[in-house]
Every structure is written in C-alpha cells, then in structure tokens.
Amino acid sequence: MLQTGLYDLHVALQARMVAFSGWSMPVQYAAGPITEHMAVRRVGGLFDVSHMARFELRGSGVADFLLRVLTRSVARRKPGDAVYSLMTYSDGTVIDDLIAVGKEDGWLLVANAVNRNKDLEWLRQQATGQDVDIVDVTEQTSMLAIQGPDAVRLVSSVLGIDAGSLRRFKARTAIWESKPVLTTRTGYTGEDGFELVLPRTEGGSLFQHLLEAGRPRGWLPCGLAARDSLRLEACLPLYGHEISQNINPLEADLAWAVSFRNPRFIGRDALLKAWLEPPTRRLCAFRMEDKGVPRAGYAVYDQDRRIGTVTSGNKSPTLDQFIGMALCDASATEMERFTVEIRGRRLSALVVPKPFYSRPA
Amino acid sequence: MTGFAVPSDLLFASTHEWCDQQDDVVTVGITDYAQDQLSDVVFVELPEVGEDFETGQTMATVESVKAAADIYAPMAGRVTEVNGTLLDNPEEINSDPYGSWFLRLEVVPGTANPDLLDAAGYRNLTEG
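Basis of the calculations
- Residues numbered from 1 in each chain as written.
- Chains lettered and ligands numbered in written order.
- Predicted model: local features only at pLDDT ≥ 70, side-chain atom pairs only at ≥ 80, totals over all residues.
- Heavy atoms only, no water.
- Phe/Tyr/Trp six-rings, centres within 6.5 Å; stacked < 30°, edge-to-face > 60°.
- Helix = DSSP H or I, 4+ residues; strand = E, 2+ residues; numbered from the N terminus.
- Buried < 20%, exposed > 50% of the residue type's maximum accessible area, 1.4 Å probe, protein only.
- Pairing = 2+ DSSP bridges.
- Contact = heavy atoms within 4.5 Å.
- Salt bridge = Lys/Arg side-chain N within 4 Å of Asp/Glu carboxyl O.
- Axes fitted to C-alpha atoms, helices over the stretch in contact; angles between N-to-C directions.
- Parallel < 35°, antiparallel > 145°, perpendicular 65-115°, else oblique.
- Left-handed = near helix turned anticlockwise from the far one by under 90°.
- Nonpolar A, V, L, I, M, F, W, Y, C, P; charged D, E, K, R; others polar.
- pLDDT = per-residue confidence, 0-100.
- Lys, Arg positive; Asp, Glu negative; His and termini not counted.
- Polar contact = N/O pair within 3.5 Å; in protein donor to acceptor, adjacent residues only side chain to side chain.

The subject of this paragraph is the packing of aromatic side chains. Applying the stated criterion across every chain, the model contains nine aromatic pairs over all chains. Here the aromatic rings of A:Y84 and A:W256 are separated by 5.4 Å at their centres, their planes lie at 20°, and the arrangement is stacked. Of this pair, A:Y84 sits in strand β6 (residues 82-88) while A:W256 sits in the loop between α7 (224-233) and α8 (268-276); the two residues are 172 residues apart in sequence, bridging distant segments of the chain. Relative to B:Y98, the ring of B:W18 lies with its centre 6.1 Å away and its plane at 45°, an arrangement referred to as tilted. Here B:Y98 lies in the loop between α3 (92-95) and β9 (103-106) and B:W18 lies in strand β2 (residues 17-22), a separation of 80 residues in the sequence. Overall, B:W18 belongs to the buried group, its relative accessible area being 3%. You can call B:Y98 buried: its relative accessible area is 19%.

Below, the structure is given as structure tokens:
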C-alpha cells in the first residue's frame, strides 16, 4: 500500500484511512463527511490529493504529442495554462480525464490514481520514436487541494501571493520555504479553489500551515468521502462512474472537452461520427422524490422498461436531498421522472438539470 | 479503536444491535461502535407496527454516506412501536446511538437469545 507524504499527519489528525487505488488515503477525519462537505461550501476544506497520478512531459516533441493524445487542443496554449481534457482510444471511449498544466520546461499531466499505470503505458506507447520524455513524478511530489469561498484569502496569506489575480484554469509557481509550489486555480468540488503541487517532503508541512491559518475561520481537513459528495453536487465526472472505457464523452456531456478543430487527436474519427448521429445514451441528473439512497449500479426504469443505470448517488448535504447521476437511454433527458430500483423497490425520481449545485457568482 | 460507549445494562448482538429487554418488550438500536463504522447516517427504513420477525431476520435498514446496513431481529417478536423521529433526523443515530432506538418488539414472555453478549463480551468483540 502506497502512503502519501502526509500519511503521518493524517493519522495525527484522526483520519480514518482506507485503501484507494493502491494508496492508503483518508476517507474522513474526526468531523465526519457531512460536516467536512459543508465546511467546503461555507468556508473551505483542505484535501490531500497526492494519490493523483502526475506525469512530467519534456522534449521538443511534446506539443505535437499532446495534440495526438488529448481531445482538447493545446496548440495555442502557453506556460501558465491549465487545460481539462480527455484521452480517448481510437474508438472514442475514454482512457482517462486529466488536467494538463503548461510549464516553462514542459507539461505536467494530472490524472486519476486508478488509471496511473494504464495511462503511463498508453502515453509511453504513443511517444515511441518521438522526442518526448515522460517521467512519473507521483511519488516524488505532494498535491494539495484548497477548496472553498475563503480559498483566495488562505492561499494568499500562506503562500504570500496575490492568489485572487490567478484566473480559473491558470497556473503560477509560488515559492514556499524556498521550494517551488505549482499553483493552479482548479478543483473538484464546485467551489473556488486551488491545487498545489510541491516536493513530496514539504506537503505535510504546508498542509499543517494552511490548516493552522484556516482553522479559526472554520477550515477543516477533508477526506475522500466529502470529495465525492462535493463533486457529485457539482456534476463533475468520476472515472469508472460517469466516464469509462464503455462510455464516450458525448454521452457524458463532455463534448465541450473535445475539440474537433484539433485534426489529429486519437479517437477523433469515431467521436465525429458519433457527434453527427442522434445520441443513444445520455447522462442524466436526478433527485429522489420518494425517500431512498440511490447508489452506483442501481437500475433505472421507465414504467417496466429498463432505461439505464445509476453512475453515482448519495445524499446531497447542501440540498438535503438524495441525488444521483445515471447513464440512460437518450429519451430519459426529456422525461419528468423515472424510477430507481433501490433495494428491491422502484422509487420515483425527478429528472433535473445539471449541476445540482453551482457556487454563487 | 477503543473508547466506544458500551452501556452495562444492555445486551448486544454480534451484528452490532443493542437490546434493552424489560419483561416481554425489547427495545432495539445500533451501538456506538456501529454508528462510528457506518459514518454519517443519512437514511433509515423502519418496519410497520404489527410486523412479525424471527431471530436474525432483517427488520430495518440504516444507510450512511458510505453504505447500507441491515438491522437484524435479536429475538423473535412483533413490532409494537417504531421511532418515527429517526426518519426525519437519522443523524441522531450518530450523536446519540443509545438514545436513538429503532423499534420495540413484543416477545413471548421468558424469551431470551443465548447468543446475545453482555457489555464485557461486546467490548471484547469490537476491541479484539
């Protein structure tokens, strides 16, 4: 089992550790998932996301290489840009979703922990014969997420930068204790926030400084459970649930992350063909009308007809309702309601627009 | 893990229900250890008053942010009362597990389940 650089700190903070994609990770701290979730919505929460896969790409062929492996175009991107993108197979199904961060000396790809080996293998295979050097830096770095309406204030004060001037999906290198901290204005919670990549050995110390500075205002350390319920309210996809090797990005409403103007990416032909045909499946958001907890894998019905499967579901702490997403026949998007089979009973759910939660402007 | 409350006047099932038997009425809930393992409770499903259960049958369901868990009948009996406040305030199970009874069962007078543990036995089970 892999441990992040913050393992000892998690234990000291009374985290409950669980196995996640080969890592021992905090699923929750003493406050509990719902309190942690609400702290992020109201003030802020700190997450250790060091389990995320991080690959450094360097070499004269990198820009060209990224045009082939990413669905978004990075052709006009510069250092300081962060781009959410997908990697797809030639049949258009999703290998992974990731954020590519432009640096002065190359690119950093931040991808899902569960896909680390698969991604690395795919990238290396595609890079064969080109001047592209791929280094897996996951275990040499720490990654923290600082999320919540108070994030600008906390990051500015602790890192000594004007964090508010960094725009969404932009990156900048700050210096902390004379070490570089790659700071991007990104996150996975639906709130304002930042993600920081720094040398592994400094992660725990920075986390502790952020927590000490934020605690008096209500900041909490947050685990994977809160991270999951936050991203569900924001309708952000989770690999293996809303996107996978069996779901194409158009079905998952991720057409915005596919740039057909990029003529060269792997999967383009298949996705263009799918784009020109009426969709057969779509990702729907729903909230339970009858009381019950929808969970991934539960069947969705229209009358007696099976029309889909829940991809994610749980209680929404912000809305105080049971919510979920489901991959359904495309017709479901026009329905007012369908039923979800929960522990042997078909319970009514209302089809609702995505997302469940967006932060106040 | 240590430090979970285990009241000495109750009996416990190895499936983490607590039982408070007063003559032929048994009050049932889940233990402090169980609520901690479940994490934040978000939903409870209770049986109807008048339903009969055999020992070990599923009587109720409790769901947390993490998972669903069944509540088993610690003894055979008929449901005489359910705690409806839990339906709207399931989080009370986390804050007050021994005050948050799920239901009351009427059992045949003189019934006992020899498999139920006393406080020392239950503490052994959860700390062992």
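Text resumes after the structure shown.
As a further point, take the pairing of strand β19 (residues 337-342) of chain A. Residues and elements named next belong to chain A. Note that strand β16 (residues 299-302) and β19 share two bridges and pair antiparallel. Bridged to V300 within β19 is V340. Where β19 meets strand β20 (residues 345-352), six bridges bridge the pair, whose relative direction is antiparallel. What sits directly across from R337, in β20, is L350. Where β19 hands over to β20, the hairpin turn is made up of two residues, of which R343 adopts a positive phi near 50°.

This next bit is on helix α5 (residues 151-159) of chain A. All names here are of chain A. Here α5 has its buried residues at A151, L154, V155, S156, V158 and L159. For α5, the elements touching its buried residues are β4 (45-48), β10 (141-147), β11 (171-176), β12 (179-184), β13 (193-199) and α6 (203-214). One or two positions beyond α5, positive phi appears at G160, with a value near 65°.

Turning our eyes to something else, we now look at the pattern of salt bridges. Residue and element names in this part refer to chain A. Scanning the entire structure with this criterion turns up 33 salt bridges over all chains. Linking D150 and R217 is a salt bridge whose minimum nitrogen-to-oxygen distance equals 2.7 Å. Note that D150 is positioned in the loop between β10 and α5 and R217 in the loop between α6 and β14 (220-221), a separation of 67 residues in sequence. One salt bridge connects K354 with D253, and the closest N-O pair in it is separated by 2.6 Å. One end of the pair, K354, is in the segment after β20; the other, D253, is in the loop between α7 and α8, with 101 residues separating them in the sequence. Note on D253: relative accessible area 29%, which makes it partly exposed. Connected via shared salt-bridge partners are E56, R58, K103 and D105.

Attention shifts here to the packing of α5(A) against α6(A). How two helices pack is summed up by the angle between their axes together with the distance between the axes. All names here are of chain A. Packing of α5 against α6 brings their axes to within 10 Å, and their N-to-C directions diverge by 120°. In this view, α5 runs oblique relative to α6, as classed from their interaxial angle. The hand of the α5/α6 crossing is right-handed. Contacts between α5 and α6 involve L154, V158 and L159 on the former and, on the latter, L206, H209, L210, A213 and G214. For the contact of α5 with α6, the per-class residue count stands at six nonpolar, two polar and no charged.

Our next topic: the confidence of the model for chain B. Averaged over every residue, the pLDDT of chain B is 94; residues scoring 70 or more account for 98%. The secondary structure element of chain B with the lowest average pLDDT is helix α4 (residues 119-127) of chain B, at 94, and the one with the highest is β9(B), at 98.

Residues and elements named next belong to chain A. Here E36 is to be found in helix α2 (residues 33-42). Lacking a salt bridge, the buried E36 has R215 as its closest oppositely charged neighbour, with an N-O distance of 9.2 Å. Within the local environment of E36, its side chain forms a polar contact with the backbone nitrogen of G223, the two atoms lying 3.0 Å apart. Setting aside residues up to four positions removed in sequence, E36 forms contacts with Q28, Y29, A31, L220, P221, C222, G223 and A226.

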